[in-house]
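# Descriptive analysis of the structure
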Amino acid sequence: MPRVLPMLVLAASVLLAASARADVYKYVDAKGNTYFTDAPLTGPKYRLAWKRESERLVSENRQRLAKLGRNLGRVAGLASGPVATPAAAAPAALAPTQGAARGQPVATRRARFERVINAYARVYGLSPELLHAVIRTESAYNHEAVSRAGAAGLMQLMPGTAARYGVKDSFNPVENVRGGAAYLRDLLDLFGQDLRLALAGYNAGENAVIRNGRQIPPYAETQNYVRQVLQHLWSARAGG
């Protein structure tokens, strides 16, 4: 039986769900209701609006989400360039000056990026707590962090991943979080919403997870990484 999703579901969520290897159909009935389904609907009440191959639809949706993310940044005031330090009562700047992250408590660094993290969590359908858990594990909220392997910024994007998601400056918190959130969203879709596998893919690359039979690779670093992110996530959800 085909899976039918009414238009009440957000369009972005519908399109993200289309990552399965199937064609996707859009129908409109006589009352103007819109349906997305993975198999043709029969009957005179349904009018076919369009049909898309799943891979094409996912590609189109990634472009839409990237554009949505950039637009949201502009609307919410999440500028892509450096932001002047505001008054003490206002939200902290999203792009601190070089060296400002060093020596600050983790809680202080976290507060500086709360707004951008919440914004892109909404754009990509992720929980803010998950993004916080990944960022805390990856960089402890140090937007200037660079790993020995060359990963950079809050979400420690490798150069190839940054290029893949259109991130031109990994040290810019807005661009970095957008790219990292988009990658995490794609990994969750790729691995059937299995958070452990998505996190393993974020650390070791999705191909490493696939090569190991869609299991967490037997790398001590990756296994520890997954445990640490989940611990931070559970602690955040418990109010810790």
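An account of the accompanying structure is given in this report. (Residues numbered from 1 in each chain as written. Predicted model: local features only at pLDDT ≥ 70, side-chain atom pairs only at ≥ 80, totals over all residues. Heavy atoms only, no water.)

Let's shift gears to the overall build of the protein chain. Along the backbone of the protein chain there are 10 helices and 4 strands. Going from the N terminus to the C terminus, the protein chain shows its helices and strands as β-α-β-β-β-α-α-α-α-α-α-α-α-α. Per-residue burial for the protein chain yields a buried fraction of 44% across its 240 residues. Put simply, the protein chain shows about 12,800 Å² of open surface, and 54% of that area lies on carbon and sulfur atoms. (Helix = DSSP H or I, 4+ residues; strand = E, 2+ residues; numbered from the N terminus. Buried < 20%, exposed > 50% of the residue type's maximum accessible area, 1.4 Å probe, protein only. Areas by Shrake-Rupley, 256 points an atom, 1.4 Å probe, with all protein chains shown as cover.)

Let's shift gears to the nonpolar core. With 40 residues, the main nonpolar core has Val 134, Leu 199 and Tyr 202 as its most contacted residues. Of all the secondary-structure elements, those providing two or more residues to this core are helix 4 (114-123), helix 5 (128-138), helix 7 (173-190), helix 8 (195-204) and helix 10 (220-237). Ranked by the residues each element gives to this core, the list is headed by helix 7, at 8 residues. The contacts of Leu 199, once residues within four sequence positions are left out, are Leu 130, Val 134, Leu 184, Tyr 225, Val 226, Val 229 and Leu 230. (Core = buried A, V, L, I, M, F, W, Y, C linked by side-chain atoms within 4.5 Å. Contact = heavy atoms within 4.5 Å.)

So, on to unusual backbone geometry. A positive phi is found at Tyr 141, a non-glycine position, where the angle reads about 65°. Positionally, Tyr 141 belongs in the loop between helix 5 and helix 6 (159-164). A positive phi is found at Arg 214, a non-glycine position, where the angle reads about 55°. When its relative accessible area of 39% is taken as the criterion, Arg 214 is described as partly exposed.

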